[in-house]
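Chain residues, written in single-letter form:
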Amino acid sequence: LMKPQTSSQAGTFESRDVIFLIEPMPEKSGRKIELFSTVLHQYGESFNKIVLEMLDQYELTDIHLIARDKGALEPTIKARLETAIKRSLGTHEGTVI
């Protein structure tokens, strides 16, 4: 299992985008996920499924994840979340702003 090492974020508040904020949590605290979306009633279930699958893929635990979605499509959701995860694990290459 992997734990976030630092707080991180990826994405913007622009329309058709999503911003993810990741914060490490204490040992054995599990996952706390907060999802805010302008299209939650329509796509909340599939958005949540994407997030959980990616957290499982990276075997992440002890994580507080906040998502603020403005109608992002699945490829955008996955790209933003992957960037936030890699930044939180300290494995992201490239420019960090």
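Okay, so let's go over this structure. Residue positions within a chain follow its written sequence, with the count starting from 1. Side-chain atom pairs in this predicted model are given and counted only at pLDDT of 80 or more, local residue features only at pLDDT of at least 70, and totals for whole chains, interfaces and linings cover all residues. To get the side-chain values, all heavy atoms of the structure are used, and hydrogens and water are removed first.

### Considerations on the pairing of strand β1 (residues 8–11)
Along a regular strand, successive side chains alternate from one face of the sheet to the other.
Stage number 1. Pairing between strands is defined by DSSP: at least two bridges between them are needed. Going along the chain from the N terminus, every DSSP run of H or I of four or more residues is numbered as a helix, and every run of E of two or more is numbered as a strand. As paired strands, β1 and strand β2 (residues 18–24) are joined by four bridges and run antiparallel to one another. Within the sheet, the bridge partner assigned to S8 lies in β2 and is I22.
Stage number 2. Linking two consecutive strands that pair antiparallel, namely β1 and β2, is a turn of six residues; a positive phi of about 65 degrees is found at R16 within it.

### Re the nonpolar core
For soluble globular proteins, nonpolar side chains are generally found buried alongside one another.
Stage number 1. By nonpolar core we mean a set of buried residues, namely Ala, Val, Leu, Ile, Met, Phe, Trp, Tyr and Cys, connected to one another through side-chain atoms within 4.5 Å. Only protein chains enter the accessibility calculation, which uses a 1.4 Å probe; a residue whose area is less than 20% of its type maximum is buried, one above 50% is exposed, and one in between is partly exposed. The biggest cluster of nonpolar side chains holds 21 residues, and the ones touching the most others in it are F20, F47, L65 and I85.
Stage number 2. Elements represented by at least two residues in this core include exactly β2, α1 (40–57), β4 (63–69) and α2 (74–89).
Stage number 3. Working rule for contacts: check all heavy atoms of both residues, and any pair within 4.5 Å makes them a contact. Once residues lying within four places of it in the same chain are set aside, the contact partners of F20 are S8, Q9, A10, F47, V51, L65, I66, A67, I77, R80, L81 and A84.

### A closer look at the pairing of β4
Stage number 1. Among the seven residues that make up β4, six are buried, leaving the element largely enclosed by the rest of the structure.
Stage number 2. Across seven bridges, the pairing between β2 and β4 is antiparallel. Within β4, the position partnered with V18 by the bridge is D69.
Stage number 3. By the bridge criterion, seven bridges tie strand β3 (residues 31–37) to β4 in an arrangement that is parallel. Bridge pairing in β4 links E34 to I66.
Stage number 4. Where the polypeptide runs from β3 across α1 and back to β4, its parallel neighbour, the crossover connection is left-handed. By definition, the crossover connecting two strands over a helix is right-handed if that path, from the first strand to the second, turns clockwise as seen with the strands pointing away from the viewer.

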